[in-house]
Every structure is written in structure tokens, then in C-alpha cells.
Amino acid sequence: MAPKGFTEHAWRRISGRRIPTEGIEATIVYGRRYWNQGREVYRLDRRSIQSAQKQGVCLKKYEGIHVVLGTSGEVVTAYRNRTCKRLPR
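This write-up is about the structure you can find in this document. (Residues numbered from 1 in each chain as written. Predicted model: local features only at pLDDT ≥ 70, side-chain atom pairs only at ≥ 80, totals over all residues. Heavy atoms only, no water.)

### A word on the overall build of the protein chain
Going by this rule: In this description a helix means any DSSP run of H or I spanning at least four residues, a strand means any run of E spanning at least two, and both kinds are numbered starting from the N terminus. Burial status follows relative accessibility: with a 1.4 Å probe on protein chains alone, a residue under 20% of its type maximum counts as buried, one over 50% as exposed, and anything between as partly exposed. Residues count as neighbours in contact if any of their non-hydrogen atoms are within 4.5 Å of one another. Exposure was quantified through the Shrake-Rupley algorithm and a 1.4 Å probe, taking into account, for residues, occlusion by the shown protein chains and nothing else.
Check the secondary structure of the protein chain and you find three helices and four strands. Listing the helices and strands of the protein chain from first to last along the sequence gives α-α-β-β-α-β-β. Counting every position in the protein chain, which comprises 89 residues, the buried fraction comes to 40%. Of all intrachain contacts in the protein chain linking residues separated by at least 6 positions in sequence, the fraction that spans at least 24 positions is 51%. Of the accessible surface of the protein chain, which amounts to about 5900 Å², a share of 45% is contributed by carbon and sulfur atoms.

### Digging into the packing of aromatic side chains
In plain terms, the rule: Only Phe, Tyr and Trp rings are paired, with Trp represented by its six-membered ring, and only when their centres lie within 6.5 Å; those with planes under 30 degrees apart are stacked, over 60 edge-to-face, the remainder tilted.
Counted according to the given criterion, the structure contains one aromatic pair. For the pair F6 and W11, a centre-to-centre distance of 4.5 Å together with 40 degrees between the ring planes defines the contact as tilted. Classification of F6 by relative accessible area gives partly exposed; the value is 25%.

### Points about the sheet that holds strand 1 (residues 32-36)
This is how it is decided: At least two bridges found by DSSP between two strands are what make those strands a pair. Here, axes are lines fitted to C-alpha atoms. For helices the fit covers the stretch in contact, and angles between N-to-C directions go from 0 to 180 degrees.
As summarised here, the arrangement of the four strands in space is 1-2-3-4, forming an open sheet in which the pairing is antiparallel. In this open sheet, the two strands that pair with only one neighbour each are strand 1 and strand 4 (75-80). With direction set aside, neighbouring strand axes in the sheet form an average angle of 25 degrees. On the sheet, helix 2 (residues 21-30) packs against strand 1, strand 2 (39-43), strand 3 (65-69) and strand 4 and is oriented at approximately 80 degrees with respect to strand 3.

### Side note on the pairing of strand 4
Relative to strand 4, strand 3 runs antiparallel, the two being bridged by five bridges. Among the inter-strand pairings, V67 is bridged to a residue of strand 4, identified as A78. Here strand 3 folds back onto strand 4 in antiparallel fashion, the turn holding five residues, of which G73 has a positive phi close to 95 degrees.

Below, the structure written as C-alpha cells:
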């Protein structure tokens, strides 16, 4: 699943945080999904990376990326959080 687009805020955050668009797409495809404040969020954690490796895809360099999608499916923001602490389950 590819994102339907990026908001202006997302472009500023992605470029400022140096998160590649390939990492965002990989997070949406292989990451685990959860909901936070009514938004759909994907995160690429160790379990997701291990599951992708079984399929022959190496995503280690994208570990910790979180992608927040809006109600229309566009990327609202993206950030890195490798510890994944204080996240809803």
C-alpha cells in the first residue's frame, strides 16, 4: 500500500528528519499498525524487520520509523522512535 500523498507538514518533517521516502513506504508495507488519537499509525520495529527478513527484504536501516496517516490516507508526519516506549499496544 502506497500513501495517497503527503501534506506540506509531512514534507517539512520528513526532510528535516532525513527520513527517506523509501523508508516511509517500507514502514507502511511491512510495519505494524496501531491507532492513536483517531489516526492510523505504522511503526517499523524489530519484529516487523525480522518478519520482512524472512521474506528476503532487509529493512534494518529504517528501524524505528513511525508514519502517521490522515483520515484520507495521506501521510501527516513521520518520525523515528527506536525505543517504542509509551506507545499504545
